[in-house]
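What follows is each chain in one-letter form.
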Amino acid sequence: MSLTILKSTYRLRSLCRLQRIQGHMMSSQAAPEVLLENVGNAGVITLNRPKVLNALNLPMIRHIYPQLKKWEKDDETDIVIIKGAGGKAFCAGGDIRVVTEAGKVGDPLAQDFFHEEYLLNSVIGNYKKPYIALIDGITMGGGVGLSVHGRFRVATEKTLFAMPETAIGLFPDVGGGYFLPRLQGKLGLFLALTGFRLKGRDVQRAGVASHFVESQKIPALEKELVDLKSPSAEDVSRVLDSYQNQSSLDAQKPFVLEEHRADIDRLFSSSSVEGILQNLKTDGSPFAKKQAEILSRMSPTSLKITYKQLQAGASLSLQDVLVMEYRLSQACLRGCDFYEGVRALLVDKDQSPKWNPSSLEEVSDQSVEECFSSLGEKDLRF
């Protein structure tokens, strides 16, 4: 069979799969995927796809964005609260399977998803009213974008935070290039490259969440917030502080990475990903060996892109970071590792991605540089 016929067959299968997924999305919309309500003086957003851990899709983005803009101008709305339905997740990430199926067949949904998601991240990061994300449960990828740029992020003992994108041939997007390098020391770079998972109170200790409140106190907290009359950010902060002060769960436990903080700062200080890997291998401690083994499984291209993304993002505004990340998202859609990573980890689940290039040494500086190149008229604009 010729290569042309093989490619056509592959595209046709992807198109059929995309249509099936989109058909399922349409047929399962009996319950709204996102609930938008005015409760007291608050605008309340509830991500309402609990069966898929509130994964964020394009229709949800298209509901949330205009509502946030409307509430920002509305004199009756003083604060915005965003939360997830179902008790397991705030938002486990973007609906990446749909995006990759669209990308394979050149469906504009792939570009539109990243484009509109990043515009939404920017609105949240620059919101003029107190924005409170109740990240009670799994919060990864796209869910981080819906929460971390807001003024207030409330973690609970059920919160599980991670940016695991290097494992699927992507990079920690949704403004990861902005908030990760602003964490203490090299912690952000460590989280970005390894996809390390933070849980519960550690999400706040790392600086990802602004507050920690026990899960059982969240309903009372939410009620107190929506009942506030014309609150300032300081008023909201006082309420959150008081609930945090009442939450003693795990307060005595040290930060999960406490004993490794100096190691992380030392080992992840290098002018290249290769240098970091060399540091880890030379160190030889159990912690260093484990991190080297984790990095060896990640997409080499993703690791190099992510390193450069965080290096650049440390001195850029959130909007400039999102412009950069949109360029990177389009580079990933043009490449092959993103599709292969999603196949191996989310579709076939064989956990054995075949990266191309397969080693860091084969990823040229020029190919990384090209990922950051301007898209001209197609660049993200605000």
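Residues numbered from 1 in each chain as written. Predicted model: local features only at pLDDT ≥ 70, side-chain atom pairs only at ≥ 80, totals over all residues. Heavy atoms only, no water.

(A) Quick peek at the side chain of Gln330. Within the secondary structure, Gln330 is located in helix α15 (residues 318-334). Of the residues examined, Gln330 reaches a relative accessible area of 8% and is grouped as buried. Those residues within four positions of Gln330 in sequence are excluded, and the remaining contacts are Gln111, Phe114 and Leu375. (Helix = DSSP H or I, 4+ residues; strand = E, 2+ residues; numbered from the N terminus. Buried < 20%, exposed > 50% of the residue type's maximum accessible area, 1.4 Å probe, protein only. Contact = heavy atoms within 4.5 Å.)

(B) Quick peek at the pairing of strand β2 (residues 42-47). Here β2 lies mainly inside the structure; six of its six residues are buried. Pairing of strand β1 (residues 34-39) with β2, which is carried by six bridges, proceeds in the antiparallel orientation. Considered in β2, the bridge of Glu37 is made with Val44. Counting the residues in the hairpin turn of β1 and β2 gives two residues, including Gly40, whose phi is positive at 60°. (Pairing = 2+ DSSP bridges.)

(C) Quick peek at the pattern of salt bridges. One pass over the structure, following the stated rule, counts 21 salt bridges. Of the charged contacts, one joins Glu101 and Lys104 as a salt bridge, the two residues approaching to 3.6 Å between their closest N and O atoms. Residue Glu101 and its partner Lys104 are located together in helix α3 (residues 96-104), separated by three residues, close to a single helical turn. Looking at Glu101, the relative accessible area reads 3%, which means it is buried. Residue Lys158 pairs with Asp136 through a salt bridge whose shortest N-O separation is 3.9 Å. You can see Lys158 sitting in the loop between β7 (152-155) and β8 (160-162) and its partner Asp136 sitting in the loop between β5 (131-135) and β6 (138-140), a full 22 residues away along the chain. Connected via shared salt-bridge partners are Glu340, Arg343, Asp348 and Asp350. (Salt bridge = Lys/Arg side-chain N within 4 Å of Asp/Glu carboxyl O.)

Interpretation note: all reported values are geometric properties and have no functional meaning in isolation.
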